[in-house]
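Commentary on secondary and tertiary structure
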Amino acid sequence: GAVVSQHPSWVICKSGTSVKIECRSLDFQATTMFWYRQFPKQSLMLMATSNEGSKATYEQGVEKDKFLINHASLTLSTLTVTSAHPEDSSFYICSAKRGQALSTFGSGTRLTVV
Amino acid sequence: GNSVTQMEGPVTLSEEAFLTINCTYTATGYPSLFWYVQYPGEGLQLLLKATKADDKGSNKGFEATYRKETTSFHLEKGSVQVSDSAVYFCALNKAWEGGSEKLVFGKGTKLTVNP
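All of the points below concern the structure found in this document.

Quick notes on the rules
Residues numbered from 1 in each chain as written. Chains lettered and ligands numbered in written order. Predicted model: local features only at pLDDT ≥ 70, side-chain atom pairs only at ≥ 80, totals over all residues. Heavy atoms only, no water. Contact = heavy atoms within 4.5 Å. Buried area = accessible area lost by both parts, 1.4 Å probe. Polar contact = N/O pair within 3.5 Å; in protein donor to acceptor, adjacent residues only side chain to side chain. Helix = DSSP H or I, 4+ residues; strand = E, 2+ residues; numbered from the N terminus. Nonpolar A, V, L, I, M, F, W, Y, C, P; charged D, E, K, R; others polar. Pairing = 2+ DSSP bridges. Axes fitted to C-alpha atoms, helices over the stretch in contact; angles between N-to-C directions. Buried < 20%, exposed > 50% of the residue type's maximum accessible area, 1.4 Å probe, protein only. Disulfide = S-S within 2.5 Å.

1. Observations regarding the interface of chain B and chain A
Across the boundary between the two partners, chain B contributes 18 residues, which contact 19 residues of chain A. Where chain B abuts chain A, roughly 1,500 Å² becomes buried across the two surfaces, and 57% of that area is made up of carbon and sulfur atoms. When the buried surface of chain B facing chain A is broken down by residue, Glu101(B), Phe105(B) and Lys107(B) rank first, second and third, together holding 36% of it. Taken together, chain B and chain A are joined by four residue pairs in polar contact (both at pLDDT 80 or more). The set of elements that each furnish at least two residues to the side of chain B that touches chain A consists of β5 (32-38), β6 (44-50) and β11 (103-105) of chain B. Across the side of chain B that touches chain A, the residue classes break down as eight nonpolar, five polar and five charged.

This is how it looks when you write it as structure tokens:
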């Protein structure tokens, strides 16, 4: 079946630095990838949708300059949290899909900014 | 707007007990409804889905029926196992808009099954 790998699974960084999270579709070509954020005891919130080769579409309230998304190939999307601050600490999850198939989710990345 | 409300956990049951996790939704139109499961250290996996009213989704002994009149999609299992311990998410997806997908999730319910 479809497999999505997300890396790293957890990361700690200093305030003011940038962190990159990778999302890879291992056995299929993903025409669309999604990035979600999950706060403790809260729902997963869609941050942005990215289609290969085009700019990501961000949800209302998500800062595009803060959360840079690149979907350079059909198997890789990256989320870069720029100038991270403690309030950016969260659980980030990606998902990937091909055509109209349902998404396959990655295992998530726990980001802690200190 | 669209939203999903599911019962707060955590839920702790003994093996072979009956499980119900309530889920209600608010949406315009006719969304598709889903239950996802997240086992410890893993990503979300689709457990079951229903795309129209009165549809019943089922998988691995779990069932949920799309009830439009009560806007509900409660998850049930007749006899849980220790291996069912996980976090369960109810979600809806608006009808396809040019093939787009926009999942809206509930907060998740953590289930622990003790032997």
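2. What about the sheet that holds strand β8 (residues 76-81) of chain A?
All names here are of chain A. Taken in spatial order, the four strands line up as β1-β3-β8-β7 in an open sheet, and their pairing is antiparallel. If you trace the sheet from one side to the other, it starts and ends with β1 (4-7) and β7 (67-73), each paired once. Each strand axis lies, on average, 15 degrees off the axis of its neighbour in the sheet, ignoring direction.

3. Here we look at the pairing of strand β11 (residues 109-113) of chain A
All names here are of chain A. Of the two faces of β11, only one is covered, namely that formed by Thr 109, Leu 111 and Val 113; the face formed by Arg 110 and Thr 112 stays uncovered. Examined bridge by bridge, strand β2 (residues 10-13) and β11 share four bridges and lie parallel to one another. When the bridges of β11 are listed, Cys 13 appears paired with Val 113.

4. Brief notes about the state of the cysteines
Under the counting rule described, the total for this entry stands at two disulfides over all chains. A sulfur-sulfur distance of 1.9 Å marks the disulfide that ties Cys23(B) to Cys90(B). One disulfide, between Cys23(B) and Cys90(B), carries an S-S torsion of -70 degrees and so falls in the left-handed class. With Cys23(B) in strand β4 (residues 23-26) and Cys90(B) in strand β10 (residues 86-93), the pair connects residues that are 67 residues apart, well separated along the chain. With a relative accessible area of 1%, Cys23(B) lands in the buried category. On the basis of relative accessibility, which here comes to 1%, the residue Cys90(B) falls in the buried class. No disulfide involves Cys13(A); its sulfur sits 18 Å from the nearest other cysteine sulfur, which is in Cys94(A).

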